[in-house]
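If you want the building blocks of each chain, they are given just below.
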Amino acid sequence: MAAAAVDSAMEVVPALAEEAAPEAAGLSCLVNLPGEVLEYILCSGALTAADIGRVSSTCRRLRELCQSSGKVWKEQFRVRWPSLMKHYSPTDYVNWLEEYKVRQKAGLEARKIVASFSKRFFSEHVPCNGFSDIENLEGPEIFFEDELVCILNMEGRKALTWKYYAKKILYYLRQQKILNNLKAFLQQPDDYESYLEGAIYIDQYCNPLSDISLKDIQAQIDSIVELVCKTLRGINSRHPSLAFKAGESSMIMEIELQSQVLDAMNYVLYDQLKFKGNRMDYYNALNLYMHQVLIRRTGIPISMSLLYLTIARQLGVPLEPVNFPSHFLLRWCQGAEGVRKKTHMELEPPGDSSLPLSPSSPLQRATLDIFDYIYIDAFGKGKQLTVKECEYLIGQHVTAALYGVVNVKKVLQRMVGNLLSLGKREGIDQSYQLLRDSLDLYLAMYPDQVQLLLLQARLYFHLGIWPEKSFCLVLKVLDILQHIQTLDPGQHGAVGYLVQHTLEHIERKKEEVGVEVKLRSHEKHRDVCYSIGLIMKHKRYGYNCVIYGWDPTCMMGHEWIRNMNVHSLPHGHHQPFYNVLVEDGSCRYAAQENLEYNVEPQEISHPDVGRYFSEFTGTHYIPNAELEIRYPEDLESVYETVQNIYSAKKEDVE
């Protein structure tokens, strides 16, 4: 009977939604249903938010069922934006109708801003306040971010330009939030030793579009701890670590009990879970990201050490980080029992083998030197080393100071320093994103590092003129240089050089007027054979690419032409050259004689595809509005080429 009532009522509701004044008989049939049935109908998903608004205006009973804080509007919100529900507590009072309105308004604002970015950021003249309208948005930032994620998750090969700029905006917003969190974290007192939390902030900043959280990482580590406890139970069923509760900071003082924990850890990590140091691909940034270390079960000494240290401390073993040169280590105090007897005997409860003491306590370390420790190489499967063996490991003698424990900030400094070194290794065709991110992180910790500020200024100057051609970045150089001059007037030579070239660049940009339009029908372009949007293949190197620009002859300088050996080509530099996005993520400038049609076209997985193209059709890319303005006759040529090349191929196959 209830099902029949629901079916009958479902036939009535659409009529109510479409008519402002429903028939009295239909309304009476609906409102006489039990409240649970009515609520079920209204939450069934058959009605839109506009429908609910109209239904609620028909009578008092329906208006009460559709109250703003009730289940009906909550379900409307949940169905429309399911990912946002995790931000609400079941016990909180929420005006769901108001939340719906605010979220919808934020979505419209987000789409308006994304739509404007292509026109603003495609050209070389980018306003310096490019992100200011985003920063000044009203309403919860999380709503704005959610709409950007919705754009990124749009299905199909369309809206590529929207996705490109939505990604850039989301990247910026999340990085700003993470950087603020990191700066607040760095203000914690020195005895705040959450090494994992700091490492997660670095991971999040370099991967802002990934879903990385301390909670999720800690949950994965907790699962490893459970495995260690299971193994430890087989070694010693009465081990005190087995009684530790989650979040407890107790420490085990007996060396033998600590040793049992480390033995169990080594078995689980290296034998059971197959964690290992990444010797084959050591210089890979993924080795420094904790979420990737857990996924790939490999890393470098510092990331493996932080994982090892976190697990050990949760199980009561007070390991400490050692900033050893060339190879990050952990140290394990072998004099702990003696120190405990000398300095903490009065604090120890009778019969208790653990104490809630900090491993970095000055009292605990007061009478110890470097020979009172065993050094652990987490990269080398938890191998335990003496002082001499540590020196053998790196092939040099080091002073006692380098065996000392370091605080969280020093550990993070070393992690970011590693990323900085990797960022400097990026090729000239890349966006230098890793270098930019690592510089931001390093300067967040040490804002007055003059040499790094100079490097950042040079980097922004380079990116301001090529390849991003961002006028905003060029002007940002002047702000950095002013800061450097304030910190160290002795840098006036380097600062003056960069200031001069930056100002010259600004003046050149002011002289440029309008957009250069290239017409294929023009006499000087008669030798141009290919068009923007075509998928090509390089005859010599075999890479796949898509054309996003062309010149009737090589427009690069004499030095580039000489270095690239262009004169050795049969047609030299007096032939059309093409700007292409390559599948490996690089941007190249290829001679016409080196390119040919790709008979099996495929999408080009280049991060900048969306900057120039709005859609991939399966055979070619369609330019977005900004690129089409610059090459207005190319799209018609592309259609002709596709018809001739790919249609003919299809007929041959048939």
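Remember, it's a predicted structure, so these values are computed and weren't measured experimentally.

Peer 1: Help me understand the overall build of the protein in this model?
Peer 2: From N to C terminus, the protein includes 27 helices and 15 strands. Scored against the burial criterion, the 654 residues of the protein give a buried share of 48%. Here the protein displays about 33,000 Å² of accessible surface, and carbon together with sulfur accounts for 52% of that area.

Peer 1: Can you help me understand the packing of helix α10 (residues 160–186) against helix α19 (residues 408–424) in this one?
Peer 2: How two helices sit against one another is set out by the angle between their axes and by the gap between those axes. Where α10 contacts α19, the axes come no closer than 11 Å and their chain directions differ by 140 degrees. In terms of their interaxial angle, α10 and α19 are classed as oblique. Residues L182, F185 and L186 of α10 form the contact with α19, whose own contacting residues are V408, K409 and L412. A per-class count over the contact of α10 with α19 returns 5 nonpolar, no polar and 1 charged.

Peer 1: Please clarify how the pairing of strand β7 (residues 373–377) should be interpreted in this entry.
Peer 2: Regular strands have side chains that alternate between both faces of the sheet. When you tally the buried positions in β7, you get 5 out of 5 residues, the bulk of the element. Of the two faces of β7, both are covered, the one formed by Y373, Y375 and D377 as well as the one formed by I374 and I376. The pairing of β7 with strand β8 (residues 383–385) spans 3 bridges and is classified as antiparallel. Looking at the pairing, Y375 lines up with L385 of β8. Following β7, the chain reverses through 5 residues before pairing antiparallel with β8; K381 in that reversal takes a positive phi of roughly 60 degrees.

Peer 1: Honestly, the packing of aromatic side chains in this entry has me stumped. Any pointers?
Peer 2: Each aromatic ring pair is specified by the distance between its two centres and by the angle formed by the two planes. In the structure shown here, the tally under the stated rule is 25 aromatic pairs. When the ring of Y270 is compared with that of Y308, the centres are 6.5 Å apart and the planes differ by 25 degrees; the resulting orientation is stacked. Remark: Y308 occurs in helix α15 (residues 301–314) and Y270 occurs in helix α13 (residues 255–272); sequence separation between them is 38 residues. Y270 sits in the buried class, given a relative accessible area of 5%. Using a relative accessible area of 1% as the deciding quantity, one classes Y308 as buried.

Peer 1: Would you mind showing me how to read the nonpolar core here?
Peer 2: Nonpolar side chains tend to gather and get buried jointly when the protein is soluble and globular. With 87 residues, the main nonpolar core has M265, Y308, I311 and L319 as its most contacted residues. Broken down by element, the residue count for this core peaks at 9 residues, all from α13. With near-sequence residues (within four places) excluded, Y308 lies in contact with L262, M265, N266, L269, Y270, L319, L330, I376, A378 and G382. Core analysis: the next-biggest nonpolar cluster, separate from the first, contains 48 residues, A110, Y172, L534 and Y621 among them.

Peer 1: Looking at this model, I keep getting lost on unusual backbone geometry. Mind explaining?
Peer 2: Phi is mostly negative for residues that are not glycine, and the peptide bonds are mostly trans. Of note in the backbone geometry, A159 takes a positive phi value of approximately 55 degrees without being a glycine. Phi is positive for K381, which is not a glycine, with a value near 60 degrees. Structurally, K381 is set in the loop between β7 and β8.

Peer 1: When you look at helix α9 (residues 141–152) in this model, what are you seeing that I'm missing?
Peer 2: Each α-helix winds once per 3.6 residues, and so residues spaced three or four apart point in a common direction. Spanning 12 residues, α9 covers 17 Å between terminal C-alpha atoms, matching the ideal 16 Å at 1.5 Å per step. F143, F144, E145, D146, E147, L148 and I151 are the residues of α9 that are buried.

Peer 1: I tried to follow the environment of I41 on my own but got confused; where do I start?
Peer 2: Inspection of the secondary structure assignment puts I41 in helix α3 (residues 35–42). Since its relative accessible area comes to 1%, I41 is described here as buried. Along the backbone, I41 and V72 are 31 residues apart, and their C-alpha atoms lie at a distance of 9.5 Å.

Peer 1: Please clarify how the confidence of the model for the protein should be interpreted in this entry.
Peer 2: Fine structural detail should not be taken from predicted coordinates in areas where pLDDT scores are low. Of all residues in the protein, 80% have pLDDT values of 70 or greater, and the mean over the chain is 83. Overall, residues 1–22 carries pLDDT values under 50, and its contacts beyond four positions in sequence, including any with other chains, amount to 21 contacts. Considering only residues more than four positions removed or in separate chains, one finds that residues 465–469, a stretch of pLDDT under 50, has 16 contacts.

Peer 1: I keep staring at a nonpolar patch on the surface and nothing clicks. Help me out?
Peer 2: Taken together, V515, V517, L519 and I629 make up a surface patch of nonpolar side chains, about 300 Å² in accessible area. Turning to its location among the elements, V517 is positioned in the loop between α23 (492–511) and β9 (535–538).

Peer 1: Explain the pairing of strand β14 (residues 613–616) here, please?
Peer 2: As paired strands, β14 and strand β15 (residues 621–623) are joined by 3 bridges and run antiparallel to one another. Of the residues in β15, the one forming a bridge with F616 is Y621. In sequence, β14 turns back onto β15 through a hairpin of 4 residues, with G618 there showing a positive phi of about 110 degrees.

Peer 1: Quick question: what am I supposed to make of the sheet that holds β7 here?
Peer 2: Two pairing modes exist for strands in a sheet, parallel and antiparallel, and in both the strands are linked by backbone hydrogen bonds. Taken together, the 4 strands give an open sheet; going across it, the order is β4-β5-β7-β8, and neighbouring strands pair in antiparallel fashion. Only two strands of the sheet have a single partner each, and these edge strands are β4 (320–322) and β8. In this sheet, neighbouring strand axes are inclined to one another by 40 degrees on average, regardless of whether the strands run parallel or antiparallel. Where β4 and strand β5 (residues 329–333) come together, 3 bridges link them in antiparallel fashion. Residue pairing for β5: V322 is matched across the bridge by L329.

Peer 1: I keep staring at the environment of I645 and nothing clicks. Help me out?
Peer 2: Here I645 is to be found in helix α27 (residues 634–653). Here I645 falls in the partly exposed class, since its relative accessible area comes to 27%. Here the alpha-carbon distance between I645 and N598, two residues 47 residues apart in the chain, equals 9.5 Å.

Peer 1: How do you make sense of the sheet that holds β9 when you look at a structure like this?
Peer 2: The sheet built from 5 strands is open, its strands ordered β12-β11-β10-β9-β13 with antiparallel pairing. The open sheet is flanked by β12 (587–591) and β13 (595–597), the only strands paired with a single partner. The sheet shows a mean angle of 50 degrees between the axes of neighbouring strands, taken without regard to direction. Examined bridge by bridge, β9 and β13 share 3 bridges and lie antiparallel to one another. Residue pairing in the sheet places K537 in a bridge with E596 of β13.

Peer 1: Teacher, can you tell me more about the packing of helix α7 (residues 96–122) against α9 here?
Peer 2: Close contact between α7 and α9 brings their axes to 8 Å; oriented N to C, the two are set at 60 degrees. Classified by the angle their axes make, α7 and α9 are oblique. The two elements α7 and α9 meet at a crossing, and its hand is right-handed. Contact with α7, carried on its side by E99, V102, R103, A106, G107, E109, A110, R111, I113 and V114, involves F143, F144, D146, E147, L148, C150 and I151 of α9 and no other residues of that element.

Peer 1: Would you mind showing me how to read the pattern of salt bridges here?
Peer 2: One side chain can pair with another of opposite charge once the charged atoms of both are near each other. Tallying each qualifying case throughout the model produces 16 salt bridges. Residue E320 is joined to R331 by a salt bridge in which the shortest nitrogen-to-oxygen separation is 2.9 Å. Of this pair, E320 sits in strand β4 while R331 is found in strand β5, placing the two residues 11 residues apart along the sequence. Here E320 falls in the buried class, since its relative accessible area comes to 2%. Look at R331 and you get buried, because its relative accessible area is 6%. What you see here is one network of salt bridges that share partners, running through R103, R111, D146 and E147.

Thresholds, definitions, all that
Residues numbered from 1 in each chain as written. Predicted model: local features only at pLDDT ≥ 70, side-chain atom pairs only at ≥ 80, totals over all residues. Heavy atoms only, no water. Helix = DSSP H or I, 4+ residues; strand = E, 2+ residues; numbered from the N terminus. Buried < 20%, exposed > 50% of the residue type's maximum accessible area, 1.4 Å probe, protein only. Areas by Shrake-Rupley, 256 points an atom, 1.4 Å probe, with all protein chains shown as cover. Axes fitted to C-alpha atoms, helices over the stretch in contact; angles between N-to-C directions. Parallel < 35°, antiparallel > 145°, perpendicular 65-115°, else oblique. Contact = heavy atoms within 4.5 Å. Nonpolar A, V, L, I, M, F, W, Y, C, P; charged D, E, K, R; others polar. Pairing = 2+ DSSP bridges. Phe/Tyr/Trp six-rings, centres within 6.5 Å; stacked < 30°, edge-to-face > 60°. Core = buried A, V, L, I, M, F, W, Y, C linked by side-chain atoms within 4.5 Å. Expected span 1.5 Å × (residues − 1). pLDDT = per-residue confidence, 0-100. Patch = residues over 30% accessible without salt bridge, like charges linked within 9 Å, V, L, I, M, F, W, Y side chains within 5 Å. Salt bridge = Lys/Arg side-chain N within 4 Å of Asp/Glu carboxyl O. Left-handed = near helix turned anticlockwise from the far one by under 90°.

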